[in-house]
Amino acid sequence: MKKTILITSCFLFYVTVIAQTKFPLADGWKMQSFLIDSSSGSMVSQAGFATPQWYNISVPTTVIAGLLANNEYNFDPFYSTNLDKISGPKFDKPWWFRKEFSLPASQQGKNVILKIHGLNYKADIWLNGVLVADTNQVKGPFRFFEFDITNLVKYSGVNVLALDITRPFNPQKRGGDLAIDYADWIHYPADYNGGIVNDAEIDIYDKVAVEHPFVDTKFDLPSLKTAHLTVYADVANYSDEPTDAVVKGKINDDITFQQKVHLEAREKKEVSFTPAGFPQLNVKDPKIWWPWQFGKPALSRVELSIVRNKKVSNTVAEHFGIRQITSAFLTDTAREFIVNGKPIMLRGAAWSPDIFQRKSPKRQEREIKLVRDMNINIVRSEGKFEDDNFYDLCDKNGLLVMTGWMCCGAWQYPERWTPAKRVVAMASDSSMMYWLRNKACILTWLNGSDMPPRDTTVERNWLTIEANLHFPDPILSTANQSVSKVSGRSGVKMLGPYEWVPPAYWEEDTEKYGGAWSFATEISPGPSIPPYESLIKFIPKDSINSTSKNWQYHAGTGSFGTTKVFDTALLARYGAPVSIQDYLAKAQAQNYEAHRAMMEGYGINKHKTATGVVQWMLSNPWPGIIWHTYDYYLYPAGTYFGVKKGLEPLHVQYSYLSKEVVITNALLKNFTGLKVKAQVYNIDGTVKYTKSLQTSVSKDGINRCFAIPAIEGLSSTYFLRLQLSDQNGATQSINWYWLSAKDDSLNWDKSTWFFTPQSAYTDYSALQQLPKTALKISSITNKRDDSTVNTVTITNTGNAVAFFVHVRALKGKDGDDMLPVIFNDNYICVAPGETRRINCTYSNKDSDNKAPYFITTAWNADAAHSTQTKNIIVTTAAE
């Protein structure tokens, strides 16, 4: 919700002391099932109503989140199939949400407005024994609800607000409620996220108010010398008499503006300040907001106040970015997004909130830190929206957000909406525009996901709303390749895969499926198997195998309820696992190579045929074994480091299609004096090929350096090591590939909407017979005020390549993993005689005051002959 600030004594235009005008309603709520307490709303909303057996909660919260916060269940809902135990008829009936609050007597005579941002799904709202609004008026988790309760509040004693909230029904089905939906991601919680899902507050105004500030930016592109700013806001008269007021504003403390407004009784209207009418809004040499890879994400601040009778009624302030986002068609099928006149290749992943809609600023900050560590520049949010803190973090980190309506269920079939549901849909769109239009991070809004709105009048009405509210960024009808009858081509695609495909897939497909062309808004090589340390937290040890009920319960649903395709490929490519640890080691390697190849495949075609790719997904709403880059416990495993490697800003990579060594540069900076080096190693560690080249790469450019030729005498499985150094000799990128004389082959004619099967598999089975090699490992710890940085030095003292070396940091020898943790690299290969250094950083608050203990594994580590300091142990990956 909009952030209302408090003015005490030194506002720029008036020296007027005003009282608090915003009262958050976050803490001190009570919750109970209607089946337990079926008292009437007129009773529940009275002072003195007894609630001895009610649950203490804070909002936002869903019903189940509130029960979990009260330790209602003596089990972990994520473990095994325990989620099924949280069920019963009580979740199908209304739940009471009750809040007592007081207002200062000094505010008497002013206008009191109740604001709630999102109720899932419908509610009756009572205050002090009086029905304020019923379920015909209060529906929808994505709406701003506003109620004038001036005549109902008390200034002595307590006020009592009571809501009986009914969950949504069948949001995943055609004709269901327009609510939060998960499609085939997960099992649905029994409450379907029913509850108060965003902020609630009381705002107090002195007859008039200013709300929803928004600053739009236009440049004289390609020049960025001057930013032309237009400021919009809504003004309201809450009294029964016409009135005059003055709206005053400032930007960044150095730009001021104001204008008079006349408001009829109960009138609401828009006020605007244009650069033509207010020349000071033509800002020279502005602080520009950039995505992180192009520059600093500088944020500005707009503050607006409304003054009546020389008194400030309220003041609102928001951060915004001086930036302009547009798009253009690179090809007939590829829309390219352009930030401040600069085309940007977008590579990222899809955000998913907690299954119970628990919003934790701490967790959000941790996740965004992981996102930035992977060098991701975009996240997509489909039909599930976070809170202001999430978008603020994206703003500050220069991270772009693609967002819009949900697929597959009720939102996708507007032709089945009743008139009442259409009202919900239109009001929801209006609320989302007000909320998101000022967020610097927002890249685009999607009016549909898997298809454009099937009722063309819905898309037209939404577009009208979006235009009237000046939504500044590109609007697409859909996240897939369909052509809208209203707005035409989308320039993006949703053609799969969502299931395992080999690295060769991305470059081979050039026009039909999910290969590296166009903008793939959701796409993935399927499962991301968590490491054993995470699996044991949600699957019983005796069920950690891919055929168990527990395993499959934590996959997706529908077509994604098993890991059969992934497992078939793993067995054929890497050989039959001899243990669960061996399976998991091979799974990390397969996850790594597949996700790296996807990011690299799109990167190599950027600004030609490819404009973006969104990994499906970034994270899971609960502990899962498919579709994530890091798992629910924030453990970064093979997928994470494959994505991170593929997205290095200055990167050297191998083309599976052309056999070329390629440099990709994601930065707006030219690099000269670069040295690229390629070496091919046999399975026994002997060098079979070496080539070096002095070269350069242009800003945001690509350099195809040379092809790896056919090489005589290669083993059936071999390694390619690529290294890129800058003009000062500093290493910028090291990238290892394991390759085979036998290639993966795809059976394109048998492709489905979610994957392309293989007709033949590469052969990496020789990796099981890698010669053992000894490692020398040491660590240095540098503890700072708030974090600790450990440098783990790894030297391969043997004769074979040390394959897939993985470093874990524990909280002491027998402790859990340090999580979250940032490694600059991991799952690495180390050549004979080579030394690599891995930096490991974590917050001191997450260490439990324990000294780090490192476990280092490699597929072929010779543990008996390796040397290490006392806080390190070396093992093989299959142990």
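Cut-offs used in this document
Numbers given for residues are sequential positions, taken from 1 along each chain in its written order. Residue-level local features of this predicted model are given only where pLDDT is at least 70; pairs of side-chain atoms are given and counted only at 80 or more, and the full residue set underlies all totals for whole chains, interfaces and linings. Side-chain numbers come from the whole structure's heavy atoms, not from hydrogens or water. Only runs of H or I of at least four residues qualify as helices and only runs of E of at least two qualify as strands under DSSP, and these elements are numbered from the N terminus. With the radius of gyration taken over C-alpha atoms, the globule rule is written as 2.2 Å times the number of residues to the power 0.38. Partly exposed describes any residue whose relative accessible area lies between the buried limit of under 20% and the exposed limit of over 50%, with all areas from a 1.4 Å probe on protein chains only and scaled to the type maximum. By definition in these notes, contact holds between two residues if any of their heavy atoms fall within 4.5 Å. Should DSSP find at least two bridges between two strands, the strands are taken to pair. The axes used here are C-alpha line fits, helices contributing only the stretch in contact, and every angle between their N-to-C directions lies in the interval 0 to 180 degrees. Reported orientations rely on four angle classes, namely roughly parallel under 35 degrees, roughly antiparallel over 145, roughly perpendicular from 65 to 115, and oblique for the rest. Throughout, a crossing is termed right-handed when the near helix is turned clockwise from the far one, and left-handed when it is turned anticlockwise from it by less than a right angle. Residue polarity is assigned by list, with Asp, Glu, Lys and Arg as charged and Ala, Val, Leu, Ile, Met, Phe, Trp, Tyr, Cys and Pro as nonpolar; anything else, Gly included, falls into the polar class. Lining residues are defined by having an atom within 4 Å of a point belonging to a cavity or pocket. Those points lie on a 1 Å grid over the protein atoms alone, cavities being sets where a 1.4 Å probe fits but cannot get out and pockets being open sets with protein on both sides within 12 Å along at least five of seven lines. Grid points are joined across faces, edges and corners, and a volume is the space filled by probe spheres set on the points. The sign given to each residue is positive for Lys and Arg and negative for Asp and Glu; His and the chain ends receive no count. Salt bridge, as used here, is a side-chain nitrogen of Lys or Arg placed within 4 Å of a carboxyl oxygen of Asp or Glu. A pair of cysteine sulfur atoms is labelled a disulfide when the two atoms are within 2.5 Å. Given a helix with a known number of residues, its expected span is that number minus one, times 1.5 Å.

Our next topic: the overall build of the protein chain. Along the backbone of the protein chain there are 12 helices and 51 strands. Computed over its C-alpha atoms, the radius of gyration of the protein chain comes to 29 Å, within 12% of the 29 Å expected for a compact globule of 879 residues. Structurally, the protein chain occupies a C-alpha span of about 90 × 60 × 55 Å along its principal axes. Split into buried and exposed, the 879 residues of the protein chain put 64% on the buried side. Within the protein chain, counting contacts between residues at least 6 apart in sequence, those at least 24 apart form 71% of the total.

Within the open sheet, the 3 strands sit side by side as β22-β23-β24. Their pairing is antiparallel. What marks the edges here is a single partner per strand, and that holds for β22 (325-331) and β24 (342-344). Ignoring which end each strand starts from, the neighbouring axes of this sheet average 45° apart. Pairing of β22 with strand β23 (residues 334-339), which is carried by 6 bridges, proceeds in the antiparallel orientation. Bridging from a neighbouring strand, A328 pairs with E336 of β23.

Further remarks concern the packing of helix α5 (residues 419-436) against helix α6 (residues 456-468). Between α5 and α6, the least distance of the axes is 9 Å, while the angle of their chain directions is 30°. Taken together, the axis directions place α5 and α6 in an arrangement best described as roughly parallel. Where α5 crosses over α6, the handedness of that crossing is right-handed. The residues of α6 that touch α5, namely those facing R422, A425, M426, D429, S430 and M433, are T457, V458, N461, W462, I465 and E466. For the contact of α5 with α6, the residue count by class is 6 nonpolar, 3 polar and 3 charged.

Unfilled space is identified by rolling a water-sized probe across the atoms. Inspection of every chain in the model, using the stated rule, returns 13 cavities of 30 Å³ or more. Its boundaries defined by the atoms lining it, the largest cavity holds a volume of some 120 Å³. Along the wall of the largest cavity there are 15 residues; nearest its centre are S352, P353, D354, R363 and E367. Split by residue class, the lining of the largest cavity holds 3 nonpolar, 6 polar and 6 charged.

Quick look at the pairing of strand β8 (residues 122-127) now. Of all the 6 residues making up β8, 5 are buried; the element is thus mostly covered by neighbouring parts of the structure. Alignment of β8 against strand β11 (residues 159-166), held across 6 bridges, turns out to be antiparallel. Looking across to β11, one finds that I125 is bridged to L163. Here β8 runs beside strand β9 (residues 130-133); their pairing, made up of 3 bridges, is antiparallel. Bridging from a neighbouring strand, W126 pairs with L131 of β9.

Attention shifts here to the side chain of K139. Residue placement: K139 occurs in the loop between β9 and β10 (144-148). For the buried residue K139, which engages in no salt bridge, the nearest side chain bearing the opposite charge is D177, 6.6 Å off. Once residues within four sequence positions are removed from consideration, K139 is found in contact with Y121, K122, F145, A420 and V424.

With that out of the way, let us pick up the pattern of salt bridges. On inspection of all chains with the given rule, the structure shows 36 salt bridges. Note that D240 is salt-bridged to R266, the shortest N-O span being 2.9 Å. With a gap of 26 residues between them, D240 in the loop between β15 (226-237) and β16 (243-251) and R266 in the loop between β17 (255-263) and β18 (268-273) connect regions that are remote in the sequence. Under the relative-accessibility criterion, D240 is labelled exposed at 56%. With a relative accessible area of 44%, R266 lands in the partly exposed category. For the salt bridge of K250 with E303, the shortest nitrogen-to-oxygen distance reads 3.7 Å. With K250 in strand β16 and E303 in strand β20 (residues 300-308), this pair connects stretches of sequence that are 53 residues apart. Each member of the pair K250 and E303 is classed as buried. A cluster of three or more residues bridged by salt bridges with shared partners is formed by K250, D253, R301 and E303.

On inspection of all chains with the given rule, the structure shows 1 disulfide. Put simply, C407 and C408 are joined by a disulfide, and their sulfur atoms are 2.1 Å apart. On the sign convention where negative is left-handed, the bridge of C407 and C408, at about -85° about the S-S bond, is left-handed. A relative accessible area of 31% places C408 in the partly exposed class. Lacking any disulfide linkage, C441 is separated from the closest cysteine sulfur, that of C394, by 4.9 Å. Using a relative accessible area of 0% as the deciding quantity, one classes C441 as buried.

This brings us to helix α11 (residues 580-604). Counted at 1.5 Å a residue, the expected span for α11 with its 25 residues is 36 Å, and the 36 Å between its end C-alpha atoms agrees. Counting buried residues along α11, 23 of its 25 residues qualify, which places the element largely inside the surrounding structure.

What follows covers the sheet that holds strand β43 (residues 775-783). Whether parallel or antiparallel, the strands of a sheet pair through hydrogen bonds between backbone atoms. Within the open sheet, the 5 strands sit side by side as β46-β48-β44-β43-β50. Their pairing is mixed. The sheet is open, and its two edges are formed by β46 (822-823) and β50 (867-868), each paired on a single side. Direction of pairing for β43 relative to β50: parallel, over a ladder of 2 bridges. Following the sheet pairing, K776 is matched in β50 by T867.

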